[in-house]
Amino acid sequence: MTATHVDSGSCRSGTAKIQFQLLDQTTGAVVGSFDWKDLSNQTISGTKWTGSVVGLPVGGEYKARYRALNSANAATDSTTSIERLLVGDVWLCAGQSNMQQDGGTKLDTAGVHTRIIWNSDPGKTEAAPWGTSLTKGPTASFANRLRSLTGIPVGIVYAAKGGTSITDWFFSRDSTGNNLFTRMSGFLDKGVGGWKIGGFFWYQGENEDQQDTWASRYFAKFSRLRDTVRLLSGNQKLSVIAVQLESWDGTSLFPLNPYSRWVRWPIIRDQQEQIGRADPWSAAAPIWPAAGLHINGTNQAALGTYAAAIATRKFHKGRIADPGAGPVFKAAWFQDSSRKSVVVQFEGVKGRLVNPADTKHLGFYVMKPSVFDINDSTIFDYIVDSYGNAAKMLKEISSTETLDTDKVVIHLAAAATDSVTVGYGRHINLVSLAPLTDGSNIPVLAFFNRPIASKQPTSSVHRTGTNARDRLLSLVGSILFVNASRGAKPIVVDIHDLGGKLLMRRKLSESSMDIGTLRRNGVLLITCKVGDRKESIRTSPR
């Protein structure tokens, strides 16, 4: 793997060309063919020059040296040196307080460098140089582990501010320049010494519980942020990781009834899980800390290793063996016609599933979605709510067991005679839950309201097309995603029933739409056209 570095600088009048030399930082040996090699695409105008170094080998630390020569090939300027150079991926790490906290992990400084754009107070530290001592949030652990798994050096750049909503980060270049994304995008526009951002690591969401629409629209709002970061980075396939909300005893700070903020956390977690399904270049990472709204250094370190394994699995597939990155929900169905047992299947399982005892039923739950109310503080109560009344939404579970290597069977106390769905992680406070995991020891991503088929599906979605990374359409639960390049117009979606009746035609302004209300029509044939490209999928029966 190689990279291209674009650079510029000053030189004496009469300079004919600029040359570049690359040395091993430790031994001083010349690296490859980079022994005073002419810059590519170089231009010299008076005392200014620009050019690029093509084919830099990924790795480091290196020592880079420049020199200017006149038309007689004599050096005209003193050699300029750059010490401790790494060639690898730069990750922009942003969010609110948990990305801002001290991570407590020591950097592997031979392969990881860090830089802070700003932390807490935008505008005051944009000029901070690259270094090796900044360890905010989970990023030091993430970078160390990612470099270990992939062999690619990592640069970490921070931009975090506690107590922020995702709306605070929206792209908006106002006249004052005080918008958070404006501060961050100024960095994206310029790059780092000629380098482009290679990934975006996002940890935020606690503030989205203040309104029901904030929680239920988290995916849509993050998609806007993600797409804008990709646009400014110049890479529509930029790798993106979003972290799920941690566990928090929110009821100790706010009255339980009728306060409903904490009810929204399972919804936000589910929206974050779906970010990882949006396209082949997005992923979601779980965190199940011991306690607290602000996770401690131990749990920041754990989260960083989780995210690195997930990034390796998804973004380096085919180049590096899957290290194991935790189970991910795949499908659910009734085990037989009695409708008393639900089989939940997971993908990405390393070895086999490990499903610890869950006496409080904080993990798996089976729910009646027709009665769900995001503003009802008792809606996730199990058996009996906090008022002593029968719980409205959740079905009683008698036991669970693992099946094969990748499935869990949920046995209900009574047959589900009405329409039900399945979820995992039913409460804001999951401190006492030992989560479902596998041989990787990485927890499952929480999820909410996923459909349960009447029987095991042969395929949850039938697609035309070939490579999954090239598919135009994907369906996650009731959300249809269109994997079109930014700015592709128009995006037209037609939805027919199996009889050929047109149920809906819509021009999309965003990359997704909810087709939940149409699923009552049975199997749907969905066709999408973007420019000259057209693709169809067929949903399975509910």
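Described below are features of the structure shown in this document. (Residues numbered from 1 in each chain as written. Predicted model: local features only at pLDDT ≥ 70, side-chain atom pairs only at ≥ 80, totals over all residues. Heavy atoms only, no water.)

## Some details on the sheet that holds strand β15 (residues 341–347)
Link 1 in the chain: Read across the open sheet, the four strands follow the order β14-β15-β18-β17; overall the sheet is antiparallel. The open sheet has two edge strands with one neighbour each: β14 (328–334) and β17 (397–403). The mean inter-strand angle of the sheet, taken between neighbouring strand axes irrespective of direction, is 20°.
Link 2 in the chain: Pairing analysis gives five bridges linking β15 to strand β18 (residues 407–412), with the strands arranged antiparallel. (Pairing = 2+ DSSP bridges. Helix = DSSP H or I, 4+ residues; strand = E, 2+ residues; numbered from the N terminus. Axes fitted to C-alpha atoms, helices over the stretch in contact; angles between N-to-C directions.)

## Notes on the sheet that holds strand β4 (residues 40–45)
Link 1 in the chain: Taken in spatial order, the three strands of this open sheet run β1-β5-β4, and their pairing is antiparallel. On the outer flanks of this sheet lie β1 (2–10) and β4, each paired with one strand and no other. Across the sheet, the axes of successive neighbouring strands diverge by a mean angle of 15°, strand direction being ignored.
Link 2 in the chain: Summarising the sheet, β4 and strand β5 (residues 48–57) pair through four bridges and their orientation is antiparallel. Directly across from I44, in β5, lies its bridge partner W49.

## Quick notes on the packing of helix α2 (residues 139–150) against helix α7 (residues 297–315)
Link 1 in the chain: For the pair α2 and α7, interaxial distance at closest approach is 7 Å and the crossing angle is 35°. In the packing of α2 onto α7, the handedness of the crossing is right-handed. Contacts between α2 and α7 involve S141, F142, R145, L146, L149 and T150 from the first element and Q300, A301, G304, T305, A307, A308, A309, A311 and T312 from the second.
Link 2 in the chain: Taken together, the residues that form the contact of α2 with α7 break down as eight nonpolar, six polar and one charged. (Left-handed = near helix turned anticlockwise from the far one by under 90°. Contact = heavy atoms within 4.5 Å. Nonpolar A, V, L, I, M, F, W, Y, C, P; charged D, E, K, R; others polar.)

## Some details on the environment of H5
Link 1 in the chain: Relative to the assigned elements, H5 resides in strand β1.
Link 2 in the chain: A distance of 3.2 Å separates polar atoms of two side chains, one belonging to H5 and the other to D7. (Polar contact = N/O pair within 3.5 Å; in protein donor to acceptor, adjacent residues only side chain to side chain.)

## Notes on the pattern of salt bridges
Link 1 in the chain: Evaluation of the coordinates by the stated rule reveals 17 salt bridges.
Link 2 in the chain: Of the charged contacts in the structure, one is a salt bridge between D38 and K17, with a shortest N-O distance of 3.8 Å. Separated by 21 residues along the polypeptide, D38 in strand β3 (residues 37–38) and K17 in strand β2 (residues 17–24) bring together distant segments of the chain.
Link 3 in the chain: By relative accessible area, D38 is classed as partly exposed at 38%.
Link 4 in the chain: The class of K17 is partly exposed, set by a relative accessible area of 21%.
Link 5 in the chain: A salt bridge links R450 to D270; the shortest N-O distance between them is 2.7 Å. (Salt bridge = Lys/Arg side-chain N within 4 Å of Asp/Glu carboxyl O. Buried < 20%, exposed > 50% of the residue type's maximum accessible area, 1.4 Å probe, protein only.)

## As for the pairing of strand β8 (residues 89–95)
Link 1 in the chain: In terms of residue burial, β8 counts as a mostly covered element, since six of its seven residues are buried.
Link 2 in the chain: Sheet topology note: the β8/strand β10 (residues 154–160) ladder contains seven bridges and is parallel. Considered in β10, the bridge of W91 is made with I156.
Link 3 in the chain: With six bridges joining them, β8 and strand β11 (residues 197–203) adopt parallel strand pairing. Pairing of V90 across the sheet is with I197, part of β11.

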